[in-house]
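Per-entry structural report
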Amino acid sequence: MLQAAPIPVHEQFPDVDKDVSEDVVEQLQIPVVASPPSLLQDLASVDRLFITKRLRVKNVLFLRGKKNRFYVRTPDQKLLYSIEEINSWWVGYLFYGLRPLQLRVNNAQGVEVMRIVRPYACTARVLPCQLQRLQVFSPPGQLVGTVEQQWTAVKPLYVIRNKERDVVFWIRGPLITISCFKDIKFDIFRPDGSPVGGTCKRWQGVTHALFLAPVTDRFGVAFERNLTLEEKALLLAATWLMDYMYYDA
């Protein structure tokens, strides 16, 4: 009677199996990619900024549009951002400070770090039918928050919201917004009423007020150093809204 030969026991190769398993684990490991730094990183260490406005006079004279250019510097005069206004050539001649526009914010390397969009609203302050509003994007296309005018009968009032529409700041202006022999300050508060800082329109003398104010101007904004980058960007954008509403000729 024939008997089946016993099946040989499979010999284990523990060292080989161990090496193969380690190679498979290494291949399955997902590399950790560090998140890229924020485009607003230049705002991390600052708590005060100075803004200079320059009107491009040549464009106005040759009917190329009324467009401003801004420069943002730190207290030690380091150039942080340069800002260029973008609009249709004819809107500045018709709507002046109420004109719809976009502001393209570039850093010192020429990279666009922020885009500010202001749609047209026909009233500046008194009537509640159309109130002023700014949208802030960083990077361009990604909403950071908004600056919105609130209707008041006396003092200007603005609310700043983040991208989730939560109120992060209030801005209250003075009863008289005309700059005459003194700086004009707009105070910034948290929703609980605690002060954060302020934006300011600089008084530069009688000669400047009479002859140079439509061409050049200076502003400032101060805030707490520990604010987030997005909050600082929103306060910076609010300063430009104050300029266009009250001081842009």
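Relevant structure appears above.
Residues numbered from 1 in each chain as written. Predicted model: local features only at pLDDT ≥ 70, side-chain atom pairs only at ≥ 80, totals over all residues. Heavy atoms only, no water.

Details of unusual backbone geometry
In plain terms, the rule: Every helix listed is a DSSP run of H or I at least four residues long, and every strand listed is a run of E at least two residues long, numbered separately from the N terminus.
Backbone torsion omega between Ser-138 and Pro-139 reads -10°, so that peptide bond is classified as cis. Among the structural elements, Pro-139 can be located in the loop between strand E6 (133–137) and strand E7 (143–150). With phi around 70°, Gln-77 is a residue other than glycine that occupies positive phi space. By secondary structure assignment, the location of Gln-77 is in the loop between strand E2 (68–73) and strand E3 (79–86). Residues other than glycine seldom take positive phi values, yet Arg-165 does so here, at roughly 70°. Positionally, Arg-165 belongs in the loop between strand E8 (157–162) and strand E9 (167–172).

Observations concerning the pairing of E7
Going by this rule: Exposure is judged per residue with a 1.4 Å probe applied to protein chains only, and the accessible area is read against the type maximum: over 50% gives exposed, under 20% gives buried, and values in between give partly exposed. Each pair of strands is called paired provided DSSP finds at least two bridges between the two strands.
Buried residues dominate E7, accounting for six of its eight residues. Bridge count between E6 and E7: five bridges; the pairing is antiparallel. If you follow Arg-133 over to E7, its bridge partner there is Glu-148. Joining the antiparallel neighbours E6 and E7 is a turn of five residues, in which Gly-141 adopts a positive phi near 105°. By the bridge criterion, six bridges tie E7 to E8 in an arrangement that is antiparallel. When the bridges of E8 are listed, Gln-149 appears paired with Tyr-158.

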